[in-house]
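Working through the structure, step by step
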Amino acid sequence: MSVRAARLGDVCEVNPRTPKGISDDTVVSFLPMSAVSEGGFVSSEETRTFGTVKKGYTYFERGDVLVAKITPCFENGKAAPTDKITNQLGFGSTEFHVVRPSREVDAKYVFYLLWNDKFRAVAGKGMTGSAGQKRVPADLLKRLEIPLPPLDEQKRIAAILDKADLLRQKRRQAIALLDNLTQSIFLEMFGDLRINERKWPVENLDALCKRITVGIVVKPASYYQDQGVIAIRSQNIEVEGFNLREVVYFSKEDNEGPLAKTRIFAGDVVIVRTGQPGKAAVVDHQLDGSNAIDVLIVTPDFSKIDPQFFSTFINSPVGKQIVLSEQRGQIQQHLNVGSLKKAAIPLPPLVNQQHFTAAWRKLRTNLAMSTNHRDNLEFLFASLQHRAFSGQL
């Protein structure tokens, strides 16, 4: 069955004007940019009076759809329906476009049309302005051609996507809880290390490790190859893991020759030293024998400190405070070898550390399963969007 196409501006009002005759003491909902989640919903809401927001803010009403127009908020997916805000009238950031559906268009259907990668790719090419301040022009929205099936079909499509999106959100929440559980287990087993409430002995990290050094910092790009041995950079290090989607390579000969001192091995801990200093992960067998660029490399003495205990400690708020704070109490933006060696680490018995690592591994297994499930749901949702807006759902 062929589906009618229409321009968005013919079936929706884009950026409607504020109506006249509103009293200054009328209570309205207020949404700054931070109140609209990249997950496609309103995450928080403020209450203000019309008199305080009638100038310098964007007007909308309950039932409209908000879409961020400025980079990087637009590319990151900041958009939301407003059907659940408290007040009928709303105001928000000037960096929102407002889309008000007519009676022949379902608001949720419009939201899903605008909240997807395909639209962002099309609109991204039409953004105007200078780098860092690019915006989606309102005229681009008005001229956007959309599939427009009958209203009942729009509602059916939106309901299917609602259910699929809810599954994604629940899985993301489960993953967040599992991530938080790591620190909860750590706190339960070792107490508050900020005050060292269980009076564990304290050791400088230098006395607990066989090596504390930094990856190659002098012209690493001169060694890059199209393939070979992976060289880990800061952007590859995540909390308790690695992102290997964008990696660089050294040749095997360079890795085992002039760059041998910065090789990393299973059980080493690599730590970001600039940008997000203190973020750490344990090198696994997949990366055994790889190399490292401009990150800190720690080789623990396994008879004294467990690598996973140390990594989780560094990633904790307490660990970051201890490792990144200097004597004067200021937080460093750049973590160096000298500071790391001097870091005073509360040290529970090794057997306790190892018990934590066993619990951590079980947790990571569950997390990997949940992450795989999340990825499958993300694929399902994208597939449903594609099928819905191409008349195949």
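Just above sits the structure.
These notes cover the structure that comes with them. Keep in mind that this is a model prediction, so the values were computed, not measured.

**Brief notes about the packing of aromatic side chains**
Here the structure, examined in full by the defined rule, presents 17 aromatic pairs. Seen in terms of ring centroids, Phe74 and Phe119 are 5.8 Å apart; in terms of plane orientation they differ by 85 degrees. Their pairing is edge-to-face. With Phe74 in the loop between β6 (65-68) and β7 (79-81) and Phe119 in helix α4 (residues 117-125), this pair connects stretches of sequence that are 45 residues apart. For Phe74, a relative accessible area of 2% corresponds to the buried category. Of the residues examined, Phe119 reaches a relative accessible area of 4% and is grouped as buried. Consider the rings of Phe186 and Phe309, whose centres lie 5.5 Å apart with planes at 25 degrees: the pair is stacked. Of the two residues, Phe186 is situated in helix α6 (residues 151-190) and Phe309 in helix α8 (residues 307-315); the sequence distance between them amounts to 123 residues. The positively charged end of Arg48 is found above the aromatic ring belonging to Phe30, 3.7 Å away from the centroid. Here the basic side chain of Arg168 rests over the ring of Phe381, its NZ or CZ set 3.8 Å away from the ring centre.

**Points about the sheet that holds strand β21 (residues 290-292)**
Pairing is mixed in the open sheet, where 5 strands are placed in the order β13-β17-β14-β21-β18. The outermost strands of the open sheet, each flanked by one partner alone, are β13 (224-225) and β18 (263-264). Sheet topology places strand β14 (residues 229-232) next to β21; 2 bridges connect them, and they run parallel. Bridge assignment links Ile232 to a residue of β21, and that residue is Ala292.

**Considering the pattern of salt bridges**
A side chain of one charge can pair with a side chain of the opposite charge if their charged atoms are brought near each other. Going through the model one piece at a time under the given rule, you end up with 17 salt bridges. In this structure, Arg135 engages Glu95 in a salt bridge whose closest nitrogen and oxygen atoms are separated by 2.7 Å. Linking Arg135 in the loop between α4 and α5 (138-143) with Glu95 in the loop between β8 (89-92) and β9 (96-101), this pair joins segments that are 40 residues apart in sequence. Residue class for Glu95 comes out buried when judged on its relative accessible area of 16%. A salt bridge links Arg211 to Asp268, with the shortest nitrogen-to-oxygen separation between them at 2.9 Å. Of this pair, Arg211 sits in strand β12 (residues 209-214) while Asp268 sits in the loop between β18 and β19 (269-271), and the two are 57 residues apart along the sequence. On the accessibility criterion, Asp268 (3% relative accessible area) is buried. Salt bridges sharing common partners tie together Asp165, Arg168, Arg172 and Glu378.

**Observations concerning the pairing of strand β5 (residues 58-61)**
In β5, alternate side chains face the same way, and those of Thr58 and Phe60 on one face and Tyr59 and Glu61 on the other are all buried. In this structure, β5 lies alongside β8, joined through 4 bridges in antiparallel fashion. Bridge assignment links Phe60 to a residue of β8, and that residue is Gly90.

**Here we look at the layout of surface pockets**
Counted as a void, the largest pocket has a volume near 550 Å³. Together, 24 residues line the largest pocket, and Trp115, Asn116, Asp117, Lys118 and Gln385 are the ones closest to its centre. Looking at the lining of the largest pocket, the elements with two or more residues in it are α4, β10 (145-147), α6 and α11 (350-388). Classifying every residue of the lining of the largest pocket by side-chain character gives 10 nonpolar, 6 polar and 8 charged. For the second largest pocket, the calculated volume is near 470 Å³. Taken together, 17 residues form the lining of the second largest pocket, with Asp179, Glu238, Val239, Arg364 and Leu367 sitting closest to its centre. Among the elements of the structure, α6, β16 (241-242) and α11 are those that each provide at least two residues to the lining of the second largest pocket. Top contributing element to the lining of the second largest pocket by residue count: α11, with 8 residues. Class assignment of the residues belonging to the lining of the second largest pocket gives a composition of 6 nonpolar, 5 polar and 6 charged.

Procedures and definitions
- Residues numbered from 1 in each chain as written.
- Predicted model: local features only at pLDDT ≥ 70, side-chain atom pairs only at ≥ 80, totals over all residues.
- Heavy atoms only, no water.
- Phe/Tyr/Trp six-rings, centres within 6.5 Å; stacked < 30°, edge-to-face > 60°.
- Helix = DSSP H or I, 4+ residues; strand = E, 2+ residues; numbered from the N terminus.
- Buried < 20%, exposed > 50% of the residue type's maximum accessible area, 1.4 Å probe, protein only.
- Lys NZ or Arg CZ within 6 Å of the ring centre and 35° of its normal.
- Pairing = 2+ DSSP bridges.
- Salt bridge = Lys/Arg side-chain N within 4 Å of Asp/Glu carboxyl O.
- 1 Å grid on protein atoms, 1.4 Å probe; cavity = no way out; pocket = protein on both sides within 12 Å on 5 of 7 lines; lining within 4 Å.
- Points joined across faces, edges and corners; volume = space filled by probe spheres on them.
- Nonpolar A, V, L, I, M, F, W, Y, C, P; charged D, E, K, R; others polar.

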